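Okay, here's what each chain looks like letter by letter:
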Amino acid sequence: MNHAKRRRRPVGRAVLVPALLAALVLAVTAACDRVGENGRIGVVYLNAEGYYAGVERGLGGVLGQGADRPQLVQTNIQSDPAKESSFVNTMSSAKVDALVVSPASATASIPALRLAHESGVPVICYNTCVEDAAAREYVDAFVLGDPFEFGRVSGEQMAAHFRAAGIAAPKVGVINCEQFEVCIQRRQGFEKALTAAVPGAKIVANQQGLTMDEAVQRGEQLLTAHPDIDAFYGEAGSQMLGAVRAVEARGKTGRVAVFGGDMSVEAAGKLQDGRVLKGVADISGIKVGRLAGEAVANVLAGNPPADLIVPAPVDRYLGPRDGARWMREHPDGIP
């Protein structure tokens, strides 16, 4: 990626298309006394999961402090590429100083990020991004917790659960978010770790459920089709908690275990309860937000990461004590 071709603007300077001013002001959640006088950063949150509240806090902690803080122009696209495209087009026309985004699709989001790049707006991905070739052409930094490692944590936790229970040939259902490449890699890491430790383990079904309601439906359908399922793997927060709710709704509490990804108040409570949810891999939204804010500052200073990726740590939580610990460490519930 040739950064020399990019037109850079310091955070303290931004040019706003007058016709867009009213719309942008309505989207502001962190503004200066004079709107935009210290720059604008466009921010895209993929959905309303608590993780993104953590990202917002972490990002604001880095970019939103002091009198010289930039204005954060933010939106929640609800996993809709069309909403994302509309917002990114507006940010590109306004020539904001940078765009921080968790893209809705590895492919459908490419045109929007291409436009931002061609408009001279640096793009910082976090959590999700576009396909690798496009990312290396249009994206300046990608804050990412290793998705293969993320899945490996759950695979190891589930394998230990089966071995402790003496289950040599368990049947496992997967609720996925594989519209996103990172979720595919999470499953790959999960499967490799699980089958390495428990060779007789079998994935009997893998169904997509992007929203909580969809994940619950998929979980209940899998329990009907495969009543002898021993455990579920939920690739992210909605998928994991959807599986938990399905197990509870079908009266399988204590018989079907759930492992998965992304901590939240509900996840910590279910982990503390311990009857269904047994283990959680997590990448803190607050930590990712901080790293994204630092990436913005570095990119605007002409110092992007050499290999695109800014690594975020993967944390692991296992059992009721870790659920209680997360609650103590996050008293306001922001992950």
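Residues numbered from 1 in each chain as written. Predicted model: local features only at pLDDT ≥ 70, side-chain atom pairs only at ≥ 80, totals over all residues. Heavy atoms only, no water.

### Examining the packing of aromatic side chains
Our working definition: A pair of Phe, Tyr and Trp rings is counted when the ring centres sit within 6.5 Å of each other, with Trp represented by its six-membered ring. The angle between the planes then sorts it: under 30 degrees is stacked, over 60 is edge-to-face, the rest tilted. Buried means the residue's accessible area, taken with a 1.4 Å probe over protein chains only, is under 20% of the maximum for its type, while exposed means over 50%, and partly exposed covers the values in between. Each ring is checked for a lysine NZ or an arginine CZ that lies within 6 Å of its centre and within 35 degrees of its normal; such an atom marks a charge sitting over the ring.
With the rule as written, the count across this model stands at three aromatic pairs. Relative to tyrosine 52, the ring of tyrosine 51 lies with its centre 4.9 Å away and its plane at 90°, an arrangement referred to as edge-to-face. The exposure class assigned to tyrosine 52 is buried, which follows from its relative accessible area of 5%. These aromatic residues form a ring-pair network of at least three members: Tyr51, Tyr52 and Tyr126. When the ring centre of phenylalanine 150 is taken as reference, the NZ or CZ atom of arginine 186 above it lies at 3.6 Å.

### Brief notes about the layout of surface pockets
Going by this rule: Here a cavity denotes a set of grid points, spaced 1 Å apart and computed over the protein atoms alone, in which a 1.4 Å probe fits but from which it cannot get out, and a pocket denotes an open set meeting protein on both sides within 12 Å along at least five of seven lines; residues with an atom within 4 Å of a point are reported as lining. Grid points are joined across faces, edges and corners, and a volume is the space filled by probe spheres set on the points. Think of it this way: any DSSP run of H or I at least four residues long counts as a helix, any run of E at least two long counts as a strand, and we number them from the N terminus. Polar here means any residue outside two lists: the nonpolar Ala, Val, Leu, Ile, Met, Phe, Trp, Tyr, Cys and Pro, and the charged Asp, Glu, Lys and Arg; Gly therefore counts as polar.
Considering only enclosed or pocket space, the largest pocket measures out at about 430 Å³ in volume. As for the largest pocket, its lining consists of 29 residues, of which Leu46, Asn47, Glu49, Tyr52 and Ala236 are closest to the centre. Of all the elements in the fold, those that place two or more residues in the lining of the second largest pocket are helix H5 (132–138), strand E6 (141–145) and helix H7 (181–197). Its residues assigned to classes, the lining of the second largest pocket comprises eleven nonpolar, three polar and five charged.

### Re helix H2 (residues 50–63)
Each α-helix turn comprises 3.6 residues. Residues three or four places apart therefore point the same way. The following threshold applies: In a helix, the anticipated span is given by 1.5 Å times the number of residues less one. Contact definition: two residues touch when any of their heavy atoms are within 4.5 Å.
Helix length check: H2, at 14 residues, gives a terminal C-alpha distance of 20 Å against a target of 20 Å (1.5 Å per residue), a fit within 8%. Considering only its buried residues, H2 is in contact with strand E2 (40–45), strand E3 (71–76), strand E5 (123–126) and helix H11 (285–300).

### Quick look at the sheet that holds strand E9 (residues 231–234)
The test is simple: Note on pairing: DSSP must find at least two bridges between two strands before they are called paired. Lines fitted to C-alpha atoms define the axes here, with helix axes fitted over just the stretch in contact, and angles between the N-to-C directions of these axes take values from 0 to 180 degrees.
With mixed pairing, the six strands of this open sheet are ordered in space as E8-E7-E9-E10-E11-E13. Since the sheet does not close on itself, it has two edges, and those belong to strand E8 (202–208) and strand E13 (315–318), each with one partner. For this sheet, the mean angle separating the axes of adjacent strands, direction not counted, is 15°. Direction of pairing for strand E10 (residues 257–261) relative to strand E11 (residues 277–282): parallel, over a ladder of four bridges. Bridge pairing links glycine 261 to alanine 281 in E11.

### Some points on the packing of H2 against H11
The criterion, for reference: By the definition adopted for this analysis, an angle is roughly parallel if under 35 degrees, roughly antiparallel if over 145, roughly perpendicular if from 65 to 115, and oblique otherwise. The crossing is said to be left-handed when, going from far helix to near helix, the turn is anticlockwise and less than a right angle, and right-handed when the turn is clockwise.
At a minimum axis distance of 6 Å, the contact between H2 and H11 shows a crossing angle of 40°. Taken together, the axes of H2 and H11 lie oblique to each other. As for the relative orientation of H2 and H11, their crossing is right-handed in sense. In this structure, H2 contributes Tyr51, Gly54, Val55, Arg57, Gly58, Leu59, Val62 and Leu63 to the contact, and H11 contributes Gly285, Ile286, Val288, Gly289, Arg290, Ala292, Gly293, Glu294 and Val296.

### Thoughts on the side chain of asparagine 176
Of note, asparagine 176 is situated in strand E7 (residues 171–176). Judged by relative accessible area, asparagine 176 falls into the buried class, the value being 5%. Discounting chain neighbours no more than four positions away, the residues touching asparagine 176 are Asn206, Gln207, Gln208, Gly209, Leu210, Glu235 and Gln239.

### Examining the confidence of the model for the protein
Do not read the fine detail of predicted coordinates wherever pLDDT is low. Cut-off, in case you're wondering: Per residue, pLDDT captures the predictor's confidence, and it can take any value from 0 to 100.
For the protein, per-residue confidence averages 89 on the pLDDT scale, and residues scoring 70 or more make up 88% of the total. Predicted confidence is poor over residues 1–35, with pLDDT under 50, and the contacts of this stretch with residues over four places away or in other chains come to 80 contacts.

### What about the pattern of salt bridges?
Should their charged atoms come close, side chains of opposite charge can pair. Note the cut-off: A carboxyl oxygen of Asp or Glu within 4 Å of a side-chain nitrogen of Lys or Arg is what we treat as a salt bridge.
Throughout the structure, instances matching the rule amount to 16 salt bridges. Two residues, arginine 186 and aspartate 262, come together in a salt bridge whose shortest N-O distance is 4.0 Å. With arginine 186 in helix H7 and aspartate 262 in the loop between E10 and helix H10 (265–273), the pair connects residues that are 76 residues apart, well separated along the chain. In this structure, arginine 186 and aspartate 262 share a single accessibility class: buried. Across the salt bridge formed by arginine 275 and aspartate 273, the nearest N and O atoms sit 3.0 Å from each other. Here the residues in one salt-bridge network are Glu149, Arg152, Glu156 and Arg316, joined through shared partners.

### Digging into the environment of serine 119
Mapped onto the fold, serine 119 is located in the loop between helix H4 (110–118) and E5. Overall, the relative accessible area of 13% leaves serine 119 in the buried class.

### Some points on unusual backbone geometry
At glutamine 78, a residue that is not glycine, the phi angle is positive and equals roughly 55°. With a relative accessible area of 53%, glutamine 78 lands in the exposed category. Of note in this structure, aspartate 262 is not a glycine but carries a positive phi near 90°. A relative accessible area of 11% means that aspartate 262 is categorised as buried.

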